[in-house]
Amino acid sequence: MRKTCTHQAPMPAIGEGKRGEAGHIGYLLRQAHAAHRIRMEHALQDVGLTLPQFSVLTMLASYPGASSADLARLSLLTPQTLSVIVGNLARAGAVSRRPHAQHGRIQVIELTAAGESLLASGKAATQAVEAALLADIPADEERAVRHWLVQIAKRLDDIG
C-alpha cells in the first residue's frame, strides 16, 4: 500500500523502489533493523523491559565477569548509556554491583536471581519475533545470512 508524502508524491512501500532490492544496502539493513527493533520493543513491553535492558541482561548471562566497558561494547551501547541502564536494573533488583577484587575502581556487574527470571521472561516474550526473522528460510540460507552479517561487522570494524 502506497502512502502519500506531504508533497503528494507517492511514497513506496517496503519492498518497492529504493525501499526494495534496488535500495542501498546500508539503508536496507537499517530498514530491517528498525522493523525488528519495533517488534522486539513491543514484545518486551509486556515484560517491563526495554530492548537495551534485554541486551544487557543477555550479555551479562552470556559473558559473566565482563567489565562495564566490555559490556557496553557487547551490548552496542555507549558507556554512559550502559551506566544508566545498569543503575536502573540494579534498582529493580535484576543486577548487583560490587567492586572488583583487584581493581577497586572497576565494578563487577552480575545477574541476580530476579535478573535471571526477568531475562527468561524476556526471551520467552521475544521468541516469536526472533522466529519470524527466519520463517521460511532454509537452514543453508540462514547460515549464509548469519555468515554475511558477521563478515560485514568484522570488515567494518577492521576499517575502524
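Residues numbered from 1 in each chain as written. Predicted model: local features only at pLDDT ≥ 70, side-chain atom pairs only at ≥ 80, totals over all residues. Heavy atoms only, no water.

## Things to note about the overall build of the protein chain
- Secondary structure summary: the protein chain contains six helices and four strands in total.
- For a compact globule of 160 residues, the expected C-alpha radius of gyration is about 15 Å, and the protein chain comes in at 19 Å, more than 25% above that figure.
- Each principal axis of the C-alpha distribution contributes one length, and for the protein chain these read about 60 × 40 × 40 Å.
- Counting across all 160 residues of the protein chain, residues that qualify as buried make up 22%.
- Of all intrachain contacts in the protein chain linking residues separated by at least 6 positions in sequence, the fraction that spans at least 24 positions is 39%. (Helix = DSSP H or I, 4+ residues; strand = E, 2+ residues; numbered from the N terminus. Rg over C-alpha atoms; globule rule 2.2 N^0.38 Å. Buried < 20%, exposed > 50% of the residue type's maximum accessible area, 1.4 Å probe, protein only. Contact = heavy atoms within 4.5 Å.)

## Some points on a nonpolar patch on the surface
- Together, Ile 25, Leu 29, Val 145, Trp 148 and Leu 149 make up an exposed nonpolar region whose accessible area comes to about 430 Å².
- Per-element tally for the nonpolar patch: the top contributor is helix H6 (residues 139-159), with three residues.
- Position of Ile 25 relative to the elements: it lies in helix H1 (residues 25-45).
- Accessibility expressed as a relative area gives 52% for Ile 25, which makes it exposed. (Patch = residues over 30% accessible without salt bridge, like charges linked within 9 Å, V, L, I, M, F, W, Y side chains within 5 Å. Areas by Shrake-Rupley, 256 points an atom, 1.4 Å probe, with all protein chains shown as cover. Salt bridge = Lys/Arg side-chain N within 4 Å of Asp/Glu carboxyl O.)

## Overview of the packing of helix H2 (residues 51-62) against helix H5 (residues 113-133)
- It is the contact of H2 with H5, at a shortest axis distance of 10 Å, that shows an interaxial angle of 115°. Crossing angle aside, the handedness with which H2 passes H5 is left-handed. Between H2, through Phe 54, Leu 57, Thr 58 and Ala 61, and H5, the contact on the second element is made entirely by Gly 115, Leu 118, Leu 119, Gly 122, Lys 123 and Thr 126.
- Counted by class, the contact of H2 with H5 contains five nonpolar, four polar and one charged residues. (Axes fitted to C-alpha atoms, helices over the stretch in contact; angles between N-to-C directions. Left-handed = near helix turned anticlockwise from the far one by under 90°. Nonpolar A, V, L, I, M, F, W, Y, C, P; charged D, E, K, R; others polar.)

## So, the packing of H2 against helix H4 (residues 79-91)
- Across the interface, H2 lies against H4 with an axial gap of 10 Å and an inter-helix angle of 80°. Between H2 and H4, the angle falls in the class roughly perpendicular. Residues Pro 52, Gln 53, Val 56 and Leu 57 of H2 form the contact with H4, whose participating residues are Leu 82, Ile 85, Val 86, Asn 88 and Leu 89.
- Taken together, the residues of the contact of H2 with H4 sort by class into seven nonpolar, two polar and no charged. (Parallel < 35°, antiparallel > 145°, perpendicular 65-115°, else oblique.)

## Here we look at the side chain of Gln 31
- Residue position: Gln 31 is located in helix H1.
- Here Gln 31 is in contact with Ile 14 and Arg 19, once residues within four sequence places are set aside.

## A look at the nonpolar core
- Residues Val 56, Leu 57, Leu 60, Leu 82, Leu 89 and Val 95 are the most contacted members of the largest nonpolar core, which totals 21 residues.
- Broken down by secondary-structure element, the contributors of at least two residues to this core are H1, H2, helix H3 (68-74), H4, strand S4 (107-111) and H5.
- Apart from the residues lying within four places of it in its own chain, the contact partners of Leu 60 are Leu 71, Val 95, Ile 109 and Leu 111. (Core = buried A, V, L, I, M, F, W, Y, C linked by side-chain atoms within 4.5 Å.)

## A look at H1
- Here H1 contains 21 residues, and its C-alpha end-to-end distance of 30 Å stays within 8% of the 30 Å for a straight helix at 1.5 Å per residue.
- Listed in full, the buried residues belonging to H1 are Gln 31, Met 40, Ala 43 and Leu 44. (Expected span 1.5 Å × (residues − 1).)

## Overview of the pattern of salt bridges
- Under the defined criterion, the tally for this structure stands at four salt bridges.
- One salt bridge connects Glu 41 with Arg 37, and the closest N-O pair in it is separated by 3.4 Å. Of the two residues, Glu 41 and Arg 37 are both situated in helix H1; the distance of four residues between them amounts to about one turn of the helix.
- Exposure remark for Glu 41: the relative accessible area of 36% places this residue in the partly exposed category.
- Taking the relative accessible area as the measure of exposure, Arg 37 reaches 30% and is therefore partly exposed.
- The partner of Arg 98 in a salt bridge is Glu 110, and the shortest N-O contact between them spans 3.0 Å. Of this pair, Arg 98 sits in strand S3 (residues 95-99) while Glu 110 sits in strand S4; the two residues are 12 residues apart in sequence, bridging distant segments of the chain.

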